Amino acid sequence: IRRRKISVIGAGFTGSTTALMLAQKELGDVVLVDIPKAENPTKGKALDMLEASPVQGFDANIIGTSNYEDTKDSDLVIITAGVARKPGMSRDDLVNINAGVVRSVTEQVVKYSPDCIIIVLTNPVDAMTYEVYRTSGFPKHRVIGQSGVLDTARFRTFVARELNVSVEDVSGFVLGGHGDDMVPLVRYSYAGGIPLEKLIPKDRLDAIVERTRKGGGEIVNLLGNGSAYYAPAASLVQMAEAILKDKKRILPAVAYLEGEYGYNDLYLGVPTILGGNGLEKVIVLDLTEEEKKALDKSAESVKSVMKVLQQ
Ligand code: APR
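Residues numbered from 1 in each chain as written. Predicted model: local features only at pLDDT ≥ 70, side-chain atom pairs only at ≥ 80, totals over all residues. Heavy atoms only, no water.

Draft legend 1. Structural context of the nonpolar core. Core analysis: the largest hydrophobic core is formed by 77 residues, its most contacted members being I9, L22, L76 and I118. Broken down by element, the residue count for this core peaks at seven residues, all from helix α9 (residues 230-244). Filtering out sequence-adjacent residues up to four positions away, I9 remains in contact with V33, Y68, V77, I78, I79, T80, A81, V105 and V109. With 12 residues, the next largest nonpolar core counts F155, V170, V186 and L205 among its residues. (Core = buried A, V, L, I, M, F, W, Y, C linked by side-chain atoms within 4.5 Å. Buried < 20%, exposed > 50% of the residue type's maximum accessible area, 1.4 Å probe, protein only. Helix = DSSP H or I, 4+ residues; strand = E, 2+ residues; numbered from the N terminus. Contact = heavy atoms within 4.5 Å.)

Laid out in structure tokens, this is it:
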């Protein structure tokens with residue numbers, strides 16, 4: 001029996017927070033990777049985290065490196081490398097820079113861990129996950145993007161504050177691309193099993209949906225420099241846990257679609273089952289005409305980002 005090995009590529013705000021949370025949950029040994037120029041700070045962050053382990057009582061090795069050999073035989077690889085969004089910058093502005101980053105990272109990852117499962121966070125995540133899928137040559141169930149866990153986390157936070165109830169009792173449901181035109185499905189969202197529509201007046205619920213849609217931008221504007229990382233890291237770790245423990249959790253994820261919801265050759269946020277094989281199933285639901293229209297719009301904006309890449 002051996003401990004799982006998880007590599008986190010990109011040791012910036014999100015990557016290092018993710019590494020610490022993975023270790024705190026004892027999900028495996030963690031390898032934190034950044035560019036050669038950042039090798040010493042990466043080693044320093046990893047050592048600092050490791051030195052927290054006796055205090056917090058977790059057993060997990062954490063190392064920092066810029067050498068991909070150290071990632072050899074990872075079970076799971078999480079890609080956070082890239083440039084973060086700055087105020088006034090749309091996710092789409094990032095597309096070309098980050099596509100170059102994720103391609104080069106993926107080549108190295110695949111070379112040393114040909115059997116791993118990859119979770120992508122780098123934005124714009126739908127298009128970046130597609131780039132990783134293409135570059136890796138991996139089957140679709142082993143290349144997954146994170147967006148919906150974070151989007152629903154934001155929605156659940158706002159709903160729980162509105163109702164003054166536990167966040168644990170609130171469930172949310174979003175479809176579509178990560179961005180301002182994501183599609184929160186309120187009719188599939190509950191608090192303690194009670195449909196939210198029965199608990200919150202429509203105008204309040206609409207305001208919560210709108211705030212969820214703009215949730216990333218709200219944090220970007222407040223931080224003034226960089227984008228959200230605590231909730232993104234927590235979301236990555238929830239997906240990682242579902243896979244590493246083969247929990248078969250129903251979680252929203254950015255999945256490769258081949259006909260589901262009427263889309264082909266596209267990565268988009270949909271409800272899925274995450275387990276030991278990665279993305280084990282895309283759950284397909286009936287949508288109302290209005291929901292399908294909103295999802296089409298979201299899919300179109302993902303496609304337009306991908307067009308930027310093809311040019
Ligand atoms: N290989 C490895 N690491 C890289 C590479 C590369 N080719 N290029 C950049 N990085 C590293 C940077 O050196 C930096 O340490 O990625 C890290 C990014 O960290 P931050 O700038 O702190 O950004 P962060 O807030 O973590 O966001 C990372 O996640 O939410 C998304 O939009 C966000 O795409 C961005 C990503």
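Draft legend 2. The arrangement of the environment of T212 in detail. Mapping T212 onto the fold places it in helix α7 (residues 202-213). Taking relative accessible area as the criterion, T212 reaches 0% and is therefore assigned buried. When the C-alpha positions of T212 and Q146 are compared, they lie 16 Å apart, and in sequence the two are 66 residues distant.

Draft legend 3. Structural view of helix α8 (residues 215-223). Within the sequence span of α8, burial applies to G215, G216 and V220. Down the axis of α8, the buried set is contained in an arc of 140°. They therefore lie on one face. Among the exposed residues of α8, those oriented more than 90 degrees off its buried face are N221 and L222. Downstream of α8 by a residue or two, G224 has a phi angle that is positive, lying close to 80°. (Arc of directions from axis to C-beta.)

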